[in-house]
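One-letter residues, chain by chain:
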Amino acid sequence: MVFKYINTITTQFLILLISIGTVQAQTALKDISSMVKVHVNSPKRACEIMDSLRNVKFADEFVLDMAQSELYADMAMYQLSIEYGQRAMASDSLKTNFTYQVKQATLLINGYCSINDYQNALILTHNILDNKSALPEAHANRIIAKMLFTLGIIKHKMGEKNEAQDYFNQSGQMLKNSKKSNELALYSYFLGEMTTFAITDEDLNKALILCKEREEIIDKIDLAGGSPEGYTDQQRAYLFSKAAYICECLGDKPLAKKYHDEFIATLASKRVFEGSFIAPYFVKNGQPKQALTALIPVLKVHQQGDTINLNYRSILSDIEQCYSMMGQSKAALNYKKREMDITDSLVHREKYRQTIQMNILYETEQRKALIAIQESKIAIQRAWMVVISLIFIIVVSLLTVIIVSYRRKKRHNEKRYREIMKNNTLRNKENPDEQADKLFCQLEKLIHTERIYLNPELERDALCQALNTNVTYLSAAIKRKTGQTILGYINFIRLDCVKNIIAESEKLDIEQVALNSGFGSSRTLYRQFKEAYGMTPLDFFKLSNKIKDL
């Protein structure tokens, strides 16, 4: 039967998924909460539903985190509730929605208090108060008052009761004179909580004063209007039943009776659960039968609902106490056994929940570790991709530079080659001089017939002697005709010879070329050739072969 019910809920969930498509965060959160809360007593199934919601991206991640935090809080798995709550609070989407921040922060604060982590609860509460300027104006007063009251609760749990009372007073001052029913209702809730604290602290006189103030606030809520139908009647029923019990404890029986009668006059007292509110008064007043009359209908509802919780155990304990007061030991023992069975079931369920929580925490940590490893691998891959990309860019850039430089050099060398091949002489035909021309013609004849330039040891004096002239006349003649010195002209003739040898060669042997052209060494040849033509003999050889191939 239970599994059939679960499957029905799952089917409804899938239909809802298909029908809504993209949903607003607020609607999605309500839908998720209503679906998942059905499975609060089946943690595994509830978690499966949440996983399904995440897999199909039912809503934004922060909405799912908020819903999961609320789910784990309802399941009393506070560590998991805090973890998902912190994830939701860290979301950028939540940072822009302060209303949701307050909702999630309140849930986190309750979680911190449940595991006695009061310091984090205080920090989170103060953070909201420090950013109160960001609160929506319509709700700011209520939220600030609620946070101040929360600080009071935390301080009370920490044992700092005087400071707690200061916060209670501050929150009360913000709401008690309000004309808005919702703010008055919140203050009524505050008074109810403070009454419970006063009873716990055994300060019954203070508890009674708080009850009377709360009665005045409920009257104000009626005058303000706008509260849900039956709300103030239910609040009065709860208030009068508690006030009757307090007065009975104080020994003020007439006032206790008055509050009892006012409780009976409420419509809520006729309902099952609200009717049980008065049971503590009957027990304290020594009327166990009347207490049983109020408690037994509630017990039947719990039995029909097949629900095991602390309220169920409390009802069994109260009934066992009533039978003990009536002297019915057998009945009292029966209910005591049932109470113990419920206690064992609750303990077992709590252990089961703790086991589930530990397993989920472990799986979450494992998942985080895997995600961290994957992220690390991705980061390394990205780093390598960046490095490879940079290397590729550098290599391509270098190749581009090399290719461009090579092409420029190639074009330059080709141009120079053509110029070199065209200009086989440096003769200056301007300003003719007969004597200089005659001497220069003798020199050219000597060069071409006897090829004296092939002698690497050739000197100026030997050359002048062969021409029957002196250095001055010969230098002037060469300078006039070519613009060069004697040795410069001889080297030019040698370079012209080198150029012809290279152009006709199929294989370049630079040492042999140097010997065949009159240069003493290949080094001298390289230097002279590079200075004269702007390229090396090897470059000239390559260009020569390339042009011959064309």
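Scroll up for the structure.
(A) Representation of the packing of aromatic side chains within the structure. All chains considered together, the criterion is met by twelve aromatic pairs. Geometry around Tyr 259 places Lys 258 over its ring, the cationic atom sitting 4.8 Å from the centre.

(B) The arrangement of the packing of helix α12 (residues 204-224) against helix α13 (residues 231-250) in detail. For the pair α12 and α13, the least separation of the axes is 10 Å and the interaxial angle reads 160°. By the angle class used here, α12 and α13 are roughly antiparallel. The handedness of the crossing between α12 and α13 is left-handed. For the pair α12 and α13, the contacting residues are Leu 204, Asn 205, Ala 207, Leu 208, Cys 211, Arg 214, Glu 215, Ile 218, Asp 219, Ile 221 and Asp 222 in the first and Tyr 231, Thr 232, Gln 235, Arg 236, Tyr 238, Leu 239, Phe 240, Ala 243, Ile 246, Cys 247, Cys 249 and Leu 250 in the second. Its residues assigned to classes, the contact of α12 with α13 shows 15 nonpolar, three polar and five charged.

(C) The state of the cysteines, seen in detail. Taken as a whole, this structure holds zero disulfides when the rule is applied. Left unpaired, Cys 247 is separated from the closest cysteine sulfur, that of Cys 211, by 7.8 Å. As a non-bridged cysteine, Cys 249 has Cys 247 as the owner of its nearest cysteine sulfur, 9.2 Å distant. Taking the relative accessible area as the measure of exposure, Cys 249 reaches 25% and is therefore partly exposed.

(D) Structural view of the pattern of salt bridges. Inspection of every chain in the model, using the stated rule, returns 13 salt bridges. Lys 257 serves as the salt-bridge partner of Asp 261, at 2.8 Å between the closest nitrogen and oxygen. Of this pair, Asp 261 and Lys 257 are both found in helix α14 (residues 253-265), four residues apart, which corresponds to roughly one turn of the helix. Classification of Asp 261 as partly exposed rests on a relative accessible area of 36%. A relative accessible area of 41% places Lys 257 in the partly exposed class. One salt bridge connects Asp 496 with Lys 499, and the closest N-O pair in it is separated by 3.1 Å.

Parameters and conventions
Starting from 1, residues in each chain are numbered consecutively following that chain's sequence as written. Side-chain atom pairs in this predicted model are given and counted only at pLDDT of 80 or more, local residue features only at pLDDT of at least 70, and totals for whole chains, interfaces and linings cover all residues. Side-chain descriptors were evaluated using all non-hydrogen atoms of the structure, hydrogens and water having been removed beforehand. Whether two aromatic rings pair depends on their centres lying within 6.5 Å, for rings of Phe, Tyr and Trp, where Trp uses its six-membered ring; planes under 30 degrees apart make the pair stacked, over 60 edge-to-face, and the rest tilted. A ring is considered to have a charge above it if a Lys NZ or an Arg CZ atom is located within 6 Å of its centre and within 35 degrees of its normal. The axes are straight lines fitted to the C-alpha atoms, using for helices just the contacting stretch, and the angles between their N-to-C directions are given from 0 to 180°. Segments assigned H or I by DSSP are reported as helices when at least four residues long, segments assigned E as strands when at least two residues long, and all are numbered from the N terminus. In these notes the angle categories are as follows: under 35 degrees is roughly parallel, over 145 is roughly antiparallel, 65 to 115 is roughly perpendicular, and the rest is oblique. Left-handed describes a crossing in which the near helix is turned anticlockwise from the far one by less than a right angle; the clockwise case is right-handed. Only heavy atoms enter the contact rule, under which two residues are in contact if any of them lie within 4.5 Å. Three residue categories are used. Nonpolar comprises Ala, Val, Leu, Ile, Met, Phe, Trp, Tyr, Cys and Pro, charged comprises Asp, Glu, Lys and Arg, and polar comprises the others, including Gly. Cysteine sulfur atoms that pair up within 2.5 Å are treated as a disulfide. Think of it in three bands: with a 1.4 Å probe and only protein chains considered, a residue is buried below 20% of the maximum accessible area for its type, exposed above 50%, and partly exposed in between. One side-chain nitrogen of Lys or Arg within 4 Å of one carboxyl oxygen of Asp or Glu is enough to make a salt bridge.

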